[in-house]
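Reading the structure
Here's the letter readout for the chains.
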Amino acid sequence: QVQLVESGGGLVQAGGSLRISCAAIGRTFSGYTMGWFRQAPGKEREFVAAISWSGIDSDYTDSVKGRFTISRDNNKSTVFLQMNSLKPEDTAVYYCAASVLSPQQLRIALPRYWGQGTQVTVSS
């Protein structure tokens with residue numbers, strides 16, 4: 001069992017930046033692809049970004065490419081999402097996820113493990 005704990009959410013103005021983190025606790029972090037999903041009010045949960053265990057491979061949804069960067073520190077069992085040039089439409093609860101799938105496969109398949117979510121609100 002992998003427990004995922006997100007942190008770093010909050011309120012930011014449009015155009016600003018925020019970094020959210022996710023720490024994996026318990027079972028080894030090793031070998032897992034890590035990802036971020038988000039769910040806005042009244043909308044379905046959607047894929048945002050994912051990164052392979054090695055950190056070499058990553059994938060992003062089109063709407064965040066060039067603005068968001070996913071990274072990981074395997075020594076600390078932590079994955080990060082750096083969000084720049086934030087827009088009001090980025091407002092959502094952001095969920096961390098862990099999976100044995102590849103970053104590209106996470107676009108269309110649900111991960112096995114989820115965090116509890118962290119709220120990101122972007123004001124206009």
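The structure displayed is predicted, hence computed values, not measured ones. (Residues numbered from 1 in each chain as written. Predicted model: local features only at pLDDT ≥ 70, side-chain atom pairs only at ≥ 80, totals over all residues. Heavy atoms only, no water.)

We now examine the overall build of the chain. Helix and strand counts for the chain come out as zero helices and 11 strands. If you list the helices and strands of the chain from N to C, you get β-β-β-β-β-β-β-β-β-β-β. Surface accessibility of the chain: about 6,200 Å² in total, with carbon and sulfur atoms responsible for 48%. Charge separation in the chain, taken as the distance between the mean sites of 12 positive and 9 negative side-chain charges, equals 4 Å. (Helix = DSSP H or I, 4+ residues; strand = E, 2+ residues; numbered from the N terminus. Areas by Shrake-Rupley, 256 points an atom, 1.4 Å probe, with all protein chains shown as cover. Lys, Arg positive; Asp, Glu negative; His and termini not counted. Charge placed at Lys NZ, Arg CZ, Asp CG, Glu CD.)

Our next topic: the sheet that holds strand β1 (residues 2-7). A sheet is described by the order of its strands in space; here four strands give the open sequence β1-β3-β8-β7, paired in antiparallel fashion. Because the sheet does not close on itself, it has two edges, and the strands there are β1 and β7 (68-73). Strand-to-strand, the axes of this sheet are offset by a mean angle of 20°, without reference to chain direction. Two elements, β7 and strand β8 (residues 78-83), share six bridges in a ladder whose sense is antiparallel. Considered in β8, the bridge of Arg 72 is made with Val 79. (Pairing = 2+ DSSP bridges. Axes fitted to C-alpha atoms, helices over the stretch in contact; angles between N-to-C directions.)

Glancing now at the nonpolar core. Of all hydrophobic cores here, the largest spans 30 residues; its most connected members are Leu 4, Met 34, Trp 36, Leu 81, Met 83 and Tyr 94. Looking at this core, the elements with two or more residues in it are β1, β3 (18-26), β4 (33-39), β5 (46-51), β7, β8, β9 (92-99) and β11 (118-123). Other than its neighbours up to four places away in sequence, Tyr 94 contacts Glu 6, Ile 20, Trp 36, Phe 37, Arg 38, Val 48, Phe 68, Leu 81, Met 83, Gly 117, Thr 118 and Val 120. Counting five residues, the second largest nonpolar core, distinct from the first, contains Phe 37, Phe 47, Ala 50 and Ala 97. (Core = buried A, V, L, I, M, F, W, Y, C linked by side-chain atoms within 4.5 Å. Buried < 20%, exposed > 50% of the residue type's maximum accessible area, 1.4 Å probe, protein only. Contact = heavy atoms within 4.5 Å.)

A full pass over the atoms with the stated rule returns five salt bridges. With a shortest N-O distance of 2.6 Å, Arg 38 and Glu 46 are connected by a salt bridge. For Arg 38, a relative accessible area of 5% gives the class buried. Relative accessible area serves as the criterion here: at 33%, Glu 46 is assigned to the partly exposed category. Residue Asp 62 is joined to Lys 65 by a salt bridge in which the shortest nitrogen-to-oxygen separation is 3.2 Å. Residue class for Asp 62 comes out exposed when judged on its relative accessible area of 59%. Through salt bridges that share partners, Arg 38, Glu 46, Arg 67 and Asp 90 make up one connected network. (Salt bridge = Lys/Arg side-chain N within 4 Å of Asp/Glu carboxyl O.)

Now for the state of the cysteines. In the structure shown here, the tally under the stated rule is one disulfide. Linked covalently through their sulfurs, Cys 22 and Cys 96 form a disulfide whose S-S length is 2.1 Å. Across the S-S bond of Cys 22 and Cys 96 the torsion is about -80°, and the bridge reads as left-handed. Residue Cys 22 is found in strand β3, and its partner Cys 96 is found in strand β9; the two are separated by 74 residues along the sequence. A residue is classified by how much of its surface remains accessible, and Cys 96, at 0% relative accessible area, is buried. (Disulfide = S-S within 2.5 Å.)

These figures come from the coordinates and say nothing about function on their own.
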